[in-house]
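# Summary of structural features
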Amino acid sequence: MSRTARPRHYLMCRPTHFTVDYSINPWMEPAKPTDADRAVAQWEQLYALFQQLGHTVELIEPLPGLPDMVFAANGATVVDGTALVARFRHEERAEEAPAYLEWFRSRGYRAVHRAEFTNEGEGDYLLAGDRVLAGTGFRTDRRAHAETERVLGRPVVTLELVDPRYYHLDTALAVLDHDEIMYYPAAFSPESRRTLAGLYPGAVLATDEDAAVFGLNAVSDGRRVVLPEAAAGLAARLRARGFEPIGVDVTELLKAGGSVKCCTLELRGAPA
Ligand code: ARG
């Protein structure tokens, strides 16, 4: 099967101030040492890779005291040039929202929405073709889904996460192409599993091992799928479907419970 890559526009944040000094997900162990230089070096490789693949990458200034700001995917959801800015669940990350709001405004976006309900941007909202797959259960408030449908003008499919290790949708599911996804069924409630099986009967399913190395925290441009290099089994299955998996090492960031996709916010459409 031949796959077509489309050039993308991303927003990223260098992990200059990276550390794990609080814990808001089961991966974060403040007692375990972290290395900001190593985090930056790994991140720089991802940043360079996206550009080598022909994508445009913009940057937002990392702010001291916000060590999770590297996870730019959480800052907003952008569709057709409209930005719905996040409202974070935890106080530790709350100050990231105004930074994103300001970034979008300064870049000429006029349709910039400050969210009423808690939503953690593309951590829980993944655009698949015309629909938004929307996670809830740990971070994004279920009530936010209707708000998102209204602001972004796309139908929203609610998916309930049930395993605290996979607290954001993008840790348990990745969009590969318009109507193709890969996901880890055990991360979802029985009802959501039925929803996913109905919508995506041909989906690539991840094993426990794939999920545990954050293999689903991947970024696809329609052909090339950038994912953690440890997810070897998943990479082989993607290759068999005609995708081109590219493994990267961002293990330092995994100490905060994030990987490739978490670092990458997609900017869709010119500023509206
Ligand atoms: N430490 C961050 C948090 O718990 C990690 C966020 C990962 N981002 C993501 N898109 N899954 O909020």
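Up top is the structure.
Along each chain, numbering runs from 1 in the same order as the chain's sequence is written. Where totals are concerned, whole chains, interfaces and linings use all residues; where local detail is concerned, this predicted model gives features only for residues with pLDDT of at least 70, and gives and counts side-chain atom pairs only at 80 or more. Water and hydrogen atoms play no part in the side-chain values, which are based on all heavy atoms of the structure.

### Describing the site of the ligand
Each residue is tested against the molecule or strand, and it is near if at least one of its non-hydrogen atoms lies within 4 Å. Near the ligand you find 16 residues, and of these Asn25, Arg93, Asp170, Ala256 and Cys262 are the closest. Between N or O atoms, a polar contact is any pair within 3.5 Å; within protein, one atom must be a potential hydrogen donor and the other a potential acceptor, and residues adjacent in sequence are included only when both atoms are from side chains. Asparagine 25 has a polar side-chain atom sitting 2.8 Å from an oxygen atom of the ligand. Side-chain polar atom of arginine 139 to an oxygen atom of the ligand: 2.8 Å apart, as the coordinates give it. Residue-level accessible areas treat just the shown protein chains as cover; the underlying method is Shrake-Rupley with a 1.4 Å probe. Calculation on the ligand without its partners gives an accessible area of 350 Å², and the protein chains cover 100% of this total. Under the scheme applied here, ten amino acids are nonpolar (Ala, Val, Leu, Ile, Met, Phe, Trp, Tyr, Cys and Pro), four are charged (Asp, Glu, Lys and Arg), and all others, including Gly, are polar. A breakdown of the residues in the shell around the ligand according to their chemical character gives six nonpolar, six polar and four charged.

### A few points about the packing of aromatic side chains
Here is the rule: rings of Phe, Tyr and Trp (six-membered ring for Trp) pair when centre to centre is within 6.5 Å. Planes less than 30 degrees apart are stacked, more than 60 are edge-to-face, and the remainder are tilted. A full pass over the atoms with the stated rule returns nine aromatic pairs. Both rings, one in tyrosine 166 and one in tyrosine 184, keep their centres 5.4 Å apart while their planes meet at 75°; by these two values the pair is edge-to-face. Here the residue tyrosine 166 occupies a position in the loop between β8 (156-160) and β9 (173-177), and tyrosine 184 occupies one in the loop between β10 (180-183) and α4 (190-199), the gap between them amounting to 18 residues. Owing to a relative accessible area of 6%, tyrosine 184 belongs among the buried residues under this scheme. In textbook terms, an aromatic cluster arises when at least three aromatic residues are bridged by ring pairs, as seen for Trp27, Tyr166, Tyr184 and Phe214. Each ring is checked for a lysine NZ or an arginine CZ that lies within 6 Å of its centre and within 35 degrees of its normal; such an atom marks a charge sitting over the ring. Cation over ring: arginine 3 sits above phenylalanine 243, and NZ or CZ is 3.9 Å from the ring centre. Where helices and strands are cited, they refer to DSSP runs of H or I of at least four residues and of E of at least two residues respectively, numbered from the N terminus. For the exposure calls, accessible area comes from a 1.4 Å probe over protein chains only, and a residue counts as buried if that area is under 20% of its type's maximum, exposed if over 50%, partly exposed in between.

### Notes on the pattern of salt bridges
For this document, the term salt bridge refers to a Lys or Arg side-chain nitrogen within 4 Å of an Asp or Glu carboxyl oxygen. Under the criterion given, the structure shown has 19 salt bridges. Between arginine 38 and glutamate 252 there is a salt bridge whose closest N-O contact spans 2.5 Å. With arginine 38 in helix α1 (residues 36-52) and glutamate 252 in helix α7 (residues 251-254), the pair connects residues that are 214 residues apart, well separated along the chain. Taking the relative accessible area as the measure of exposure, arginine 38 reaches 35% and is therefore partly exposed. Overlapping salt bridges bring together Arg8, Glu122, Lys261, Glu266 and Arg268 as one network.

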